[in-house]
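Listed here are the chains, written in short residue letters.
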Amino acid sequence: LNSLKQEIEGLRRPMGTRDNPARTCQDLQLSHPGLPDGEYWIDPNQGCARDSFKVYCNFTAGGETCIPADPLQPHFSHASGCRPPLTRFLLPQFSYVDSESQPLGVVQLTFLRLLSVSARQNFTYHCHRSVAWHSTTSRDHQRALRFLAANEEELSYDTSPYIKAVMDGCAARKGSSRTVLEVSTPRLEQLPLLDVRVMDFGEPGQRFGFEVGPVCFL
């Protein structure tokens, strides 16, 4: 009877441990409002705890559940002449893992979307004479980056109202800088991002690289 009580209490007030995971970070915050930001275990499908996984909980932002991009995947750095410009999307090249570098399961990601109302993700573009979003020279977004969403939609300035430039140092197309784009969407099926198409690349002296930020659900 005592163990049954403990089990029921564990369901009511999950601890965010491997043996007693929460459904989401927001659920964990509701059960334990004083917890600090950090890594905790979640189990969105609430099956057996064996398929729970560790994520970063951003309680400061209201209980976001954040999943990082695979740190082992290449963060591309290209110089023109070494590679032709990207004219179409490649096979999905961004992959995502839990905090223990284990691949993220499709089922758990689906349940996490169902339990959330919004999602956001940052993408940092490191540039040398290459536009990422707005161009101050042409005063338009014709060469803005284009992203492949998780639902295979193409996201860019002309197709999505959910992308904004947090900073846009690449707009001047002079020297080296960076642009940080944030995708913040109520359409959870769009994230995480799977690929990027670079539109301003191929001229002599151009270089670029990028970093894929974690995807956070709330």
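Shown above is the structure to which this text applies.
The following paragraphs examine the structure supplied in this document.

This next bit is on the sheet that holds strand 10 (residues 195-197). Strands sit in the order 7-6-10 across an open sheet of three strands; the sheet is antiparallel. Edge positions in the open sheet fall to strand 7 (154-155) and strand 10, since each of these has one partner strand only. Sheet topology note: the strand 6 (residues 146-148)/strand 10 ladder contains three bridges and is antiparallel. Following the sheet pairing, R146 is matched in strand 10 by R197.

Moving on to the environment of S156. Here S156 is to be found in the loop between strand 7 and strand 8 (163-168). Sequence separation between S156 and R146 is ten residues, and the spatial gap between their C-alpha atoms is 4.8 Å. Setting aside its immediate chain neighbours within four residues, S156 contacts W133, A144, L145, R146 and I163.

Okay, the pattern of salt bridges next. On inspection of all chains with the given rule, the structure shows 14 salt bridges. A salt bridge links D200 to R143; the shortest N-O distance between them is 3.7 Å. With D200 in the loop between strand 10 and strand 11 (207-217) and R143 in the loop between strand 5 (119-128) and strand 6, this residue pair connects regions lying 57 residues apart in the sequence. Under the relative-accessibility criterion, R143 is labelled partly exposed at 26%. For E182, the salt bridge is made with K164, and the minimal N-O distance between the two is 3.9 Å. With E182 in strand 9 (residues 176-185) and K164 in strand 8, the pair connects residues that are 18 residues apart, well separated along the chain. Overlapping salt bridges, with partners in common, bring together E64, R120, K164 and E182 in one network.

Reading guide: rules and limits
- Residues numbered from 1 in each chain as written.
- Predicted model: local features only at pLDDT ≥ 70, side-chain atom pairs only at ≥ 80, totals over all residues.
- Heavy atoms only, no water.
- Pairing = 2+ DSSP bridges.
- Helix = DSSP H or I, 4+ residues; strand = E, 2+ residues; numbered from the N terminus.
- Contact = heavy atoms within 4.5 Å.
- Salt bridge = Lys/Arg side-chain N within 4 Å of Asp/Glu carboxyl O.
- Buried < 20%, exposed > 50% of the residue type's maximum accessible area, 1.4 Å probe, protein only.

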